[in-house]
Structures are given as structure tokens and as C-alpha cells.
Amino acid sequence: MKFALTLLAAALLANHLAGPAAAQTGGNAISTTTISLGTATPGGGFPLYGNAFAEVMNAADSALTIAPRNTKGSNENIPLLEKGELDLALVAGEPAYEAFAGIGRAKVRLKILTAIYSNPGMFVVRADSPYRTIHDLVGQPVAFGAKGSGLPILARYVLDGLGLRQDEDFKAVYLDRAGDGPAMVEDGRVAALWGAGIGWPGFAAVASSASGARFIAPDAEEIARIRAKHAFLKPLTVPAGSYPKQSEPIASLGSWSFVLTREDLPDDIGYRLAKTLHGLEPTFCRKLAQACETTAANTVAAAPKPELIHPGVMKYFREIGVVK
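For the structure given in this document, a descriptive report is provided here. (Residues numbered from 1 in each chain as written. Predicted model: local features only at pLDDT ≥ 70, side-chain atom pairs only at ≥ 80, totals over all residues. Heavy atoms only, no water.)

What follows is about the overall build of the chain. Across its full length, the chain carries 12 helices and 11 strands. For 324 residues, the compact-globule formula gives about 20 Å, and the C-alpha radius of gyration of the chain, at 21 Å, lands near that figure. Dimensions of the chain, computed from the C-alpha atoms along their principal axes, are close to 75 × 40 × 35 Å. With 324 residues in all, the chain has 52% of them scored as buried. Considering only intrachain contacts with a sequence separation of at least 6, the fraction spanning at least 24 residues in the chain is 73%. Accessible surface, the chain as shown: approximately 14,300 Å² in total, 55% of it carbon and sulfur. For the chain, the distance from the average position of its 31 positive side-chain charges to the average position of its 30 negative side-chain charges is 3 Å. (Helix = DSSP H or I, 4+ residues; strand = E, 2+ residues; numbered from the N terminus. Rg over C-alpha atoms; globule rule 2.2 N^0.38 Å. Buried < 20%, exposed > 50% of the residue type's maximum accessible area, 1.4 Å probe, protein only. Contact = heavy atoms within 4.5 Å. Areas by Shrake-Rupley, 256 points an atom, 1.4 Å probe, with all protein chains shown as cover. Lys, Arg positive; Asp, Glu negative; His and termini not counted. Charge placed at Lys NZ, Arg CZ, Asp CG, Glu CD.)

Now the structure itself:
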């Protein structure tokens, strides 16, 4: 009887989540729970990560199907999670910070499934361009990322810390597709492309182009000024070799991006996702370089508050000793 109730509960849970697939075999129901995952526009880091996340998770747990879905990015993903139209979504650090803190909106009740990777922010320009500092770019056309993504928000905080205004001091360009930015740098339509992260596709594309790339990040004095005003931004480093012909590490600052869950994602699903994900950390790292930062320890360290981590995830973290 207990086993039958367990099967019934699993079937009901699968029906509650997004569109389970079921088949009848000899009278026994075989259910797969499908979990929707919001990413961002094609050509950016979130779809790259989200597709790899789904691939390794689906291979590891045949009873769960993670279904990635392109969206407009962080600023669309948050309300979709709130409305229950997504089960999981990738959200950049700055939109997550504002949503959890209730900046410009009501505080969200979403939860953190995992920290995914750090996002050191910086600009990329053609290697043969005359631009070498952030102030050199003032007055120039700059692509700040896709509309609705978290990248323009990170740029806004960084520039504000330097006394610069994104839309007034630069000819700000916002992209319909994240993947459009590198070509605009290459052909001169913009002087620079703003981005963030290690292995970010936009930076990799410019660095691999015929003209090559130069990266522009805040210097030590500028980092101190920015952090004095926006302390939630953390010093981060882009290791040497993260991009083609990048021979030296680059110091910058930024935050961590997350996979967030809808508020009512069942605790047992959160637990199962965490156990599967962190049980295959080495596999995920081999699959995608950015995923090497997707660890249980980084999630605990990156979460603004422990209570923002999903209860099912915290149960698993206590079991493995990452939290007490």
C-alpha cells in the first residue's frame, strides 16, 4: 500500500509540473516529470549553460526531463517564475539582488536552486582600437547586452560607481539577440561590447575574430570606488587563458548568477535536483568550463542569505555537510 501511495504521489507531482509524459505498460504507469527552465536570447551565456545543464541532468536522472526555453533573459524570467509559468530559470546576480531586496518592486519569494557561475564584468574592443580605459569609451556607441538580460543592470551599477550614466554618457545600444554583439564590434557599428563571465560566448567570438580583442575592466582604484557605493559587487578575476590570446588574468568585479525556482517548487523535487546536480559536478565541469563553478560550496557562499536557498536543496546540503 505504501509503495502504491508513493507511485500515486509521484504521478500527481508529475501532473502538477509542466506536462509529464506517461505511457501504459502492462497496466503500470511510467511517468517522467518535465521541468521547464528559462534561459535567455540565443547567442548568450545563459542558453549555452542551460542547454548543457539540461543535457547532463537528463542523462543522469531518467525520471526528470529538464526542458530549456529561450526567453528575453533575467528580467522576463523573474515574473515568469512568479506566475508559475517556469519551474526554474537562470537569473543574473544584479536582477536577483534587486528582486530579493525589493528594489524597484515587491520582494520576490523565489528560491535559489544553485549558484551557476561568477560574472566579472568588462568591455571588449577590437585589438586595433584606440580604447584602453572605461573613460576612453565615453561618448562612443557601446552594446550593453540584450534587452531584458542582466548584463545592462550590472553595467549600470559599475558605471554608476564611477559617476557615469549608461544612457547619457555613452551611445547605449541594447540588443535583440545577445549573439548580435560580436559582429557589431568587428564591423565598427559599436566601439565596445559589455559582457561578463568566464567563457562568455560574446567575448570568445570577438577574441577569435580576425581583428582580435582587448578587454577593458575597472582598475584597482576604480574597483574600490565602485565597491564603496555598491558593496554587493564582489572582486572577481578572469583567469589567464579564459579567452583566445588572453595571456594575463583580468581583475574586475561582479556577482554570481543563479538558477532560481518558483516559490512552490515541491521540496522533494528541489532535493532531487540538488542531489543529481551536485553528484555530477565533475561531469558537468567537463561538459562546460563555466559549470566548473557550479558547486554546492559556491551556492552557500554566493546566496545573499541562507534562507533564500530552496528548502529541499538545504536538506541535501545538510546531508553532505556543506551547511550545519
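On any regular strand, side chains alternate: one points to one face of the sheet, the next to the other face. Counting buried residues along strand 11 (residues 250-261), 11 of its 12 residues qualify, which places the element largely inside the surrounding structure. Relative to strand 11, strand 5 (residues 111-126) runs antiparallel, the two sharing 8 bridges. Among the inter-strand pairings, Ile 112 is bridged to a residue of strand 11, identified as Leu 260. Judged from the 5 bridges that link them, strand 10 (residues 234-238) and strand 11 form a sheet pairing that is antiparallel. Directly across from Thr 237, in strand 11, lies its bridge partner Ala 251. (Pairing = 2+ DSSP bridges.)

On to the nonpolar core, then. Tyr 49, Phe 53, Leu 88, Leu 273 and Phe 284 are the most contacted members of the largest nonpolar core, which totals 55 residues. When residues in this core are grouped by element, the largest group, 7 residues, is from helix 2 (residues 45-60). Phe 284 has contacts with Tyr 49, Ala 52, Phe 53, Val 56, Leu 277, Ala 291 and Thr 294, leaving out every residue within four places of it along the chain. (Core = buried A, V, L, I, M, F, W, Y, C linked by side-chain atoms within 4.5 Å.)

With 14 of 16 residues buried, strand 5 is to be regarded as a mostly interior element. Pairing geometry for strand 5 and strand 8 (residues 192-196), over 4 bridges, is antiparallel. Pairing of Phe 123 across the sheet is with Trp 194, part of strand 8. Examined bridge by bridge, strand 5 and strand 9 (residues 213-216) share 4 bridges and lie antiparallel to one another. Bridged to Val 125 within strand 9 is Arg 214.

This next bit is on the packing of aromatic side chains. Considering all chains together, one arrives at 16 aromatic pairs under this definition. Centre to centre, the rings of Tyr 49 and Phe 284 are 5.2 Å apart; their planes meet at 55°, and the pair counts as tilted. Note that Tyr 49 is positioned in helix 2 and Phe 284 in helix 10 (residues 281-287), a separation of 235 residues in sequence. Phe 284 gets classed as buried once you look at its relative accessible area, which sits at 1%. (Phe/Tyr/Trp six-rings, centres within 6.5 Å; stacked < 30°, edge-to-face > 60°.)

All right, on to the environment of Phe 232 then. Relative to the elements of secondary structure, Phe 232 occurs in the loop between helix 8 (220-229) and strand 10. On the basis of relative accessible area, Phe 232 is assigned to the buried category, the value being 18%. Along the primary structure Phe 232 and Pro 42 are separated by 190 residues, whereas in three dimensions their C-alpha atoms are 29 Å apart. With residues near it in sequence (within four places) discarded, Phe 232 still touches Glu 94, Tyr 97, Tyr 157 and Gly 254.

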